[in-house]
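Topology and contacts: notes
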Amino acid sequence: MIARQAPLETIADVDPRPEPRTRTAAQRLGDGAEALVAERLMDQGWTILARNVHVGRHELDLVAVDPGPPPQLVIVEVRLRSSRAFGLAEETVDFRKRRHLRDAAWQMIGAGRLPDARPLPPLPPRFDIVVVEPDPPRLRHHRAAF
C-alpha cells in the first residue's frame, strides 16, 4: 500500500524561493571575473548600477553607466577563459546569447527600472563584452560589441 501525503492547505504553505545552492568552482571564478571588471570600470569613472541582474530567465552580468562622452547605459557581458585552446572567449557570445541579452535588456529598459525597482537613467543603450584572461589578469574590452 502506498502512503499518500496530505495536500497543502494553502498556497502560503509553499515557499517559492529556491533552495540555496552552493556555487561551483567555475561559478566562483566567474564571480571573481565580474568583480574585477566592475572594479576596473569604476576606476575609469563608470557607475555600476547592478550586478547579476535577472530579467525573466536571463541574466545580465553588469548594468553600468559609461560617463562618455556621450554618456550611455551599458550592458556588460563578462567572459572568462583560462585558455585559448578552443578559441577566443569573445567567440562564445553567439547569436543566441546576444539575442537573450538584447531581449532581457530591452525588457528592463522598457520598464524603465531595474528588477529591484530602482530607476534606470534615460540614456541610449550599448552592449559591451569584457574578456578576462587570468594569470596574470588581463582584460579586453569590446565596446559596442553587438
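The rules behind each value
- Residues numbered from 1 in each chain as written.
- Predicted model: local features only at pLDDT ≥ 70, side-chain atom pairs only at ≥ 80, totals over all residues.
- Heavy atoms only, no water.
- Helix = DSSP H or I, 4+ residues; strand = E, 2+ residues; numbered from the N terminus.
- Contact = heavy atoms within 4.5 Å.
- Polar contact = N/O pair within 3.5 Å; in protein donor to acceptor, adjacent residues only side chain to side chain.

**Points about the side chain of Glu-90**
Following the sequence through the fold, Glu-90 ends up in the loop between strand 3 (72-80) and helix 2 (95-111). Not counting the four nearest positions on each side in its chain, Glu-90 is found in contact with Val-131, Arg-140 and His-142.

**Considerations on the environment of Asp-61**
On the secondary structure map, Asp-61 appears in strand 2 (residues 58-66). The spacing of Asp-61 and Val-78 is 17 residues in sequence and 6.4 Å in space, taken between C-alpha atoms. Leave out the neighbours within four places in its chain, and Asp-61 touches Glu-34, Ala-50, Arg-51, Asn-52, Val-76, Glu-77 and Val-78. There is a polar contact of 2.8 Å between the side chain of Asp-61 and the backbone nitrogen of Val-78.

**Let's talk about unusual backbone geometry**
The omega angle of the peptide bond from Gly-68 to Pro-69 is 15°, so this bond is cis rather than trans. Along the chain, the position of Pro-69 falls in the loop between strand 2 and strand 3. With omega at -15°, the peptide bond leading from Pro-69 into Pro-70 counts as cis. Following the sequence through the fold, Pro-70 ends up in the loop between strand 2 and strand 3. Of note in the backbone geometry, Ala-144 takes a positive phi value of approximately 50° without being a glycine. With respect to the secondary-structure elements, Ala-144 resides in the segment after strand 5 (138-142).

Scope: geometric values only; no functional claims are made or implied.
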